[in-house]
Amino acid sequence: MPLSPAQIASYWENGFLAVPELFPTAHIASLRSRIEELCADWQSDLAKRLHMQQEPEVVSGGAAPNPATIRKFADLADIDPVFLNHARHPALLAVVAQLIGRPLSLYADQALLKPPLHGSEKPEHQDNAYFRVEPADHVITCWTALDDADLLNGCMHYYPGSHRTGNVPHRAIKGTPHLVPDGYQRSDSVAVPVPAGSLVLHHSQTVHWTPANGSARWRRAYVVHLVRADAQMNARHPNSPPLLELLA
Ligand SMILES: O=C(O)CCC(=O)C(=O)O
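Report follows, based on the coordinates. (Residues numbered from 1 in each chain as written. Predicted model: local features only at pLDDT ≥ 70, side-chain atom pairs only at ≥ 80, totals over all residues. Heavy atoms only, no water.)

**Let's talk about the packing of helix H1 (residues 5-14) against helix H6 (residues 90-100)**
And then number 1: Across the interface, H1 lies against H6 with an axial gap of 10 Å and an inter-helix angle of 65°. The way H1 lies across H6 gives a crossing that is right-handed. For the pair formed by H1 and H6, the contact residues are Ile-8, Tyr-11 and Trp-12 on the first element and Gln-98, Leu-99 and Ile-100 on the second.
And then number 2: The class makeup of the residues in the contact of H1 with H6 is five nonpolar, one polar and no charged. (Axes fitted to C-alpha atoms, helices over the stretch in contact; angles between N-to-C directions. Helix = DSSP H or I, 4+ residues; strand = E, 2+ residues; numbered from the N terminus. Left-handed = near helix turned anticlockwise from the far one by under 90°. Contact = heavy atoms within 4.5 Å. Nonpolar A, V, L, I, M, F, W, Y, C, P; charged D, E, K, R; others polar.)

Given below as structure tokens:
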């Protein structure tokens, strides 16, 4: 899908861009149903290989684990063709290539699930606090809504223009996997509600967060982080296996 000059300018100005309803309904349904199967099999070896994480409420003993308390799976495209097909989806790659160029590889991927009533907040962060890719312009997060995402169930929220301040210091929140920067006021962030099948892209330095899911609906997203294959990837061990090439 060709992006308009205004869409490309908006990505570089604000650090994020929503492309509503980019993916066909059947494609989104196949991702959603595979995630439902993985959640149902949450005690399997496969779930362990996919680094399944339960919601913090479960980890702290405040709720019993079950298929509707799972927060995350990672590295799905490595072992499951449904997710690999998404990472290779021509519409996705065409949009990304127009924003950051090519060649493109898959840096990381994850299913981020906010289960009904249990889904917790993801606090502010820049993805490049974790990735440390240089130049930061060459890594992009592609967040695909598998459900309608809105203010109540935990849509994406961005601090417009925050990618232009460079990498900011982050500190760890004790007892959580989260790194956070200080000094951001929620009232400065903008919500990006989107229907299922939409793609929301953000720059690796854009500060973003998502609220807890206070609704009785799921808010599931499948996220691929794409990198220019010619970028410097400082957080990757030199002996790591090569990244999956998506677009030459
Ligand atoms: O989906 C979420 O709740 C958080 C997403 C996020 O932080 C990311 O995609 O980088």
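**Overview of the environment of Lys-174**
And then number 1: Positionally, Lys-174 belongs in the loop between strand E9 (171-172) and strand E10 (179-180).
And then number 2: Note: C-alpha distance between Lys-174 and Trp-42 (132 residues apart in sequence) is 26 Å.

**Notes on the pattern of salt bridges**
And then number 1: With the rule as written, the count across this model stands at eleven salt bridges.
And then number 2: Salt-bridge contacts for Glu-37 lead to Arg-34; the nearest nitrogen and oxygen are separated by 2.6 Å. One end of the pair is Glu-37 and the other is Arg-34, both in helix H2 (residues 25-40) and three residues apart, which spans about a single turn.
And then number 3: Among the residues examined, Glu-37 registers a relative accessible area of 42% and is labelled partly exposed.
And then number 4: Salt-bridge contacts for Arg-186 lead to Glu-124; the nearest nitrogen and oxygen are separated by 2.8 Å. Taken together, the residues Arg-186 in the loop between E10 and strand E11 (190-192) and Glu-124 in strand E5 (residues 122-125) connect sequence positions 62 residues apart.
And then number 5: In the salt-bridge network here, residues are joined through shared partners; they are Arg-34, Glu-37 and Asp-80. (Salt bridge = Lys/Arg side-chain N within 4 Å of Asp/Glu carboxyl O. Buried < 20%, exposed > 50% of the residue type's maximum accessible area, 1.4 Å probe, protein only.)

**Some remarks on the site of the ligand**
And then number 1: Near the ligand, the surroundings consist of Leu-112, Lys-114, His-125, Asp-127, Thr-141, Trp-143, Met-156, His-202, His-208, Thr-210, Arg-219 and Val-223.
And then number 2: The separation between an oxygen atom of the ligand and a polar side-chain atom of His-125 is 3.1 Å.
And then number 3: Between the ligand and Thr-210, the relevant distance is 2.7 Å, taken from an oxygen atom to a side-chain nitrogen or oxygen of the residue.
And then number 4: For the ligand, the protein covers 95% of the area, taking 290 Å² as the surface of the free molecule.
And then number 5: Among the elements of the structure, strand E4 (104-114), strand E7 (139-145), strand E13 (208-210) and strand E14 (219-228) are those that each provide at least two residues to the shell around the ligand.
And then number 6: Its residues assigned to classes, the shell around the ligand comprises four nonpolar, five polar and three charged. (Near = heavy atom within 4 Å. Polar contact = N/O pair within 3.5 Å; in protein donor to acceptor, adjacent residues only side chain to side chain. Areas by Shrake-Rupley, 256 points an atom, 1.4 Å probe, with all protein chains shown as cover.)

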